[in-house]
Amino acid sequence: MTGPDTPGGFLLEGVTSPVRCVLGPGESGSVGRSLTCDFVIDDPTVSRHHAQLQVEGEGDALLVTDLESANGLEHNGVSVTRARCRDGDRLTVGRVSLRVRQLPAVSPPARELESLDLPDTLVREIPGDLTEQALLDRLLDITRRLSGKGDQEGLLDDVLHLAFEATGVDRAVILLGPSVDTLVPARARIRQGPIPGFHPPRAILHRALAARSALVVDRIEGVPGLASPSVALQRVHAAVCCPLRTEDDTVLGVLYADQGSTAGITPSEARALFALGGIAAVTLARLRYATLHREEQIRGAQLARFFAPAVARAITESPDQTLGMQCAVTVLFTDIRGFSAIAATHPPERIARVLTEYYTDMTDIIFAEDGTLDRFLGDGVLAVWGAPIPREDASARALAAATAMFRALPGLNARWRDRGDPELRLGAGLARGRVFAGTLGGPRRLDYTVIGEAVNLASRLATAAGPGQILLEATVAGDLPAGSPLLGGVTRESVVIRGRDDPVAVYRVIPADSESEEGGK
């Protein structure tokens, strides 16, 4: 006994573009430029999420709702935010014109689905044993052609081209994502070219991903649970759906292909698509691993610019705590005395050589104390302890680094003196306080830095310090362990700092073996 006709749905077809959107009764979908939309329109006048489509009732009308798009919607030439479209109407999305067609009703199978005696071969797993020599030769060729791909977009394009070369399917699409709800169409084609906006029947995708195995479906219109209105409207007769699974069983997406003719998909074609999906999954996983490895190398190189190796490792292990935070730090600022006069009286290449050697040694000292190198300032160095990784011994480490810098300077000066290069004298300031620590900049350049009053104070203290001297803010001294030998014999005093109304309490440290105007060499 034949049941009543199933109401038809709607087709949105581009007037001058290859756009094609099909919805069955009660179905809905989104339209936009984003790949996350159900129907993708690749046009710059279309917003990422432009409009929502909904077939009302039994297919009586197509309800279109604007999603606050930039260029809006037009229904039969009139700007609208919401419209009920019927057969023959024209809908304009951005500047893309679409013709609305109401599809004819689709007759169901001659017998009720519940009473059908369905053979096991209607829905089956694709066998993995490849025994036909011709098929093996073809797959070996596919493997060679895909193995050299170096980019994901090129790989996906080649996979679909190979699907058409190896089989007689009408349509093929690759969707990326680990589950049905997250699958996004990445590439879709018919034999003549791309088909933007095509999305396979959800029931087939769900069946394949739930089983985590490739499926071939014959005479889909007679299979309970798969014969949805959208399947009938898209004229799908047979389909293959292959989850793209890696060696560790991670699902990267699916390869789907279907056939509208009654000839269906042969077992040989099904095995070819299954193998193609497996090869594509392995190659895609390799590309993603290579991309991740390159990103990690770049990130490692960027971290090495600013952080000591131990700090860089901690950042890699706990990336969430590294960027954009308020924290308490100890700041070290060093300043080369009389640098302008030195630069004015020596050739630029000599200045560059001296600064390169100076910065190299100072960076090694900072990193030896697990400090963060904020930046070089032409004639100064800014370093921080306590960011991005908090440290209880931040002040002790900062003072130890400053002392080591001054003790290293006589050896550097002796080398420069022997070859006729200018010698350097340093002053340093140490301050402690809360700062913002994180990356600043734009897409073309990002730098790690700290911003706060402690940075400004450390700079002013470095300017006020004499050659060979370190001025410590009292807060830094109070943060040192009791009886610290680094403060042995040092008394507290007050200095006037530019930009401050009141004197600042400091400790003036003159490291032993440094070149100081007060008791040094």
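Residues numbered from 1 in each chain as written. Predicted model: local features only at pLDDT ≥ 70, side-chain atom pairs only at ≥ 80, totals over all residues. Heavy atoms only, no water.

Visitor: How would you sum up unusual backbone geometry? Please name residues and give values.
Guide: Here the amide bond leading from Ala387 into Pro388 is cis, since omega sits at 5°, within 30 degrees of zero. Residue position: Pro388 is located in the loop between strand E21 (380-385) and helix H9 (394-418). Phi is positive for Glu68, close to 55°, though the residue is something other than glycine. Examined against the element boundaries, Glu68 turns out to sit in the loop between strand E6 (61-66) and strand E7 (73-75). The exposed category is assigned to Glu68, whose relative accessible area is 79%. (Helix = DSSP H or I, 4+ residues; strand = E, 2+ residues; numbered from the N terminus. Buried < 20%, exposed > 50% of the residue type's maximum accessible area, 1.4 Å probe, protein only.)

Visitor: Let's hear about the pairing of strand E26 (residues 504-509): which residues, and what values?
Guide: The buried fraction of E26 amounts to five of the six residues, a majority that puts the element mostly inside the structure. Here strand E25 (residues 492-495) runs beside E26; their pairing, made up of four bridges, is antiparallel. Bridge pairing in E26 places Arg492 opposite Tyr507. (Pairing = 2+ DSSP bridges.)

Visitor: Tell me about the sheet that holds strand E10 (residues 90-93), and please be specific about residues and values.
Guide: Sheet strands line up and pair through hydrogen bonds in the backbone, either parallel or antiparallel. Reading across the sheet, the six strands line up as E2-E1-E11-E10-E7-E8 and stay open at both edges, with antiparallel pairing between neighbours. The open sheet has two edge strands, strand E2 (20-23) and strand E8 (78-80), and neither has a second partner. Each strand of the sheet is rotated relative to its neighbour by a mean of 25°, with strand direction disregarded. Inspection of the sheet shows E10 paired to strand E11 (residues 96-102) by four bridges, in the antiparallel sense. (Axes fitted to C-alpha atoms, helices over the stretch in contact; angles between N-to-C directions.)

Visitor: Pulling in residues and values, what's your account of the environment of Arg407?
Guide: Note that Arg407 resides in helix H9. The sequence separation of Arg407 and Gly468 amounts to 61 residues, and the corresponding C-alpha distance is 9.3 Å.

Visitor: How would you sum up the pattern of salt bridges? Please name residues and give values.
Guide: Opposite charge on two side chains lets them pair, provided their charged atoms get close. A full pass over the atoms with the stated rule returns 22 salt bridges. The partner of Asp157 in a salt bridge is Arg187, with the nearest N and O atoms 2.7 Å apart. Of the two residues, Asp157 sits in helix H2 (residues 152-166) while Arg187 sits in strand E14 (residues 184-190), which places them 30 residues apart along the sequence. Overall, the relative accessible area of 30% leaves Asp157 in the partly exposed class. The shortest N-O distance in the salt bridge between Glu423 and Arg425 comes to 3.9 Å. Owing to a relative accessible area of 26%, Glu423 belongs among the partly exposed residues under this scheme. Taken together, the salt bridges that share partners define one network made up of Arg350, Arg353, Glu357, Arg415, Arg419 and Asp421. (Salt bridge = Lys/Arg side-chain N within 4 Å of Asp/Glu carboxyl O.)

Visitor: Help me get a handle on the sheet that holds E6, residues and values and all.
Guide: Spatial ordering of the open sheet is given by E4-E3-E5-E6-E9, a layout of five strands whose pairing is mixed. In this open sheet, the two edge strands, each paired with only one partner strand, are strand E4 (39-40) and strand E9 (82-85). As judged from the two bridges shared by strand E3 (residues 28-32) and E4, these two strands associate in the parallel manner. Counterpart to Gly32 in the pairing with E4 is Val40.

Visitor: Break down the nonpolar core for me, with residues and values.
Guide: In this structure, Tyr358, Ile366, Trp385, Leu424, Leu430, Ile470 and Leu472 are the most contacted members of the largest nonpolar core, which totals 41 residues. The dominant element in this core, judged by the number of residues it contributes, is H9, at ten residues. Apart from residues no more than four positions distant in its own chain, Ile470 is found in contact with Leu399, Ala402, Thr403, Phe406, Ala428, Leu430, Tyr507, Arg508, Val509 and Pro511. Core analysis: the second largest hydrophobic core is formed by 29 residues, Leu155, Ala214, Val240 and Leu252 among them. (Core = buried A, V, L, I, M, F, W, Y, C linked by side-chain atoms within 4.5 Å. Contact = heavy atoms within 4.5 Å.)

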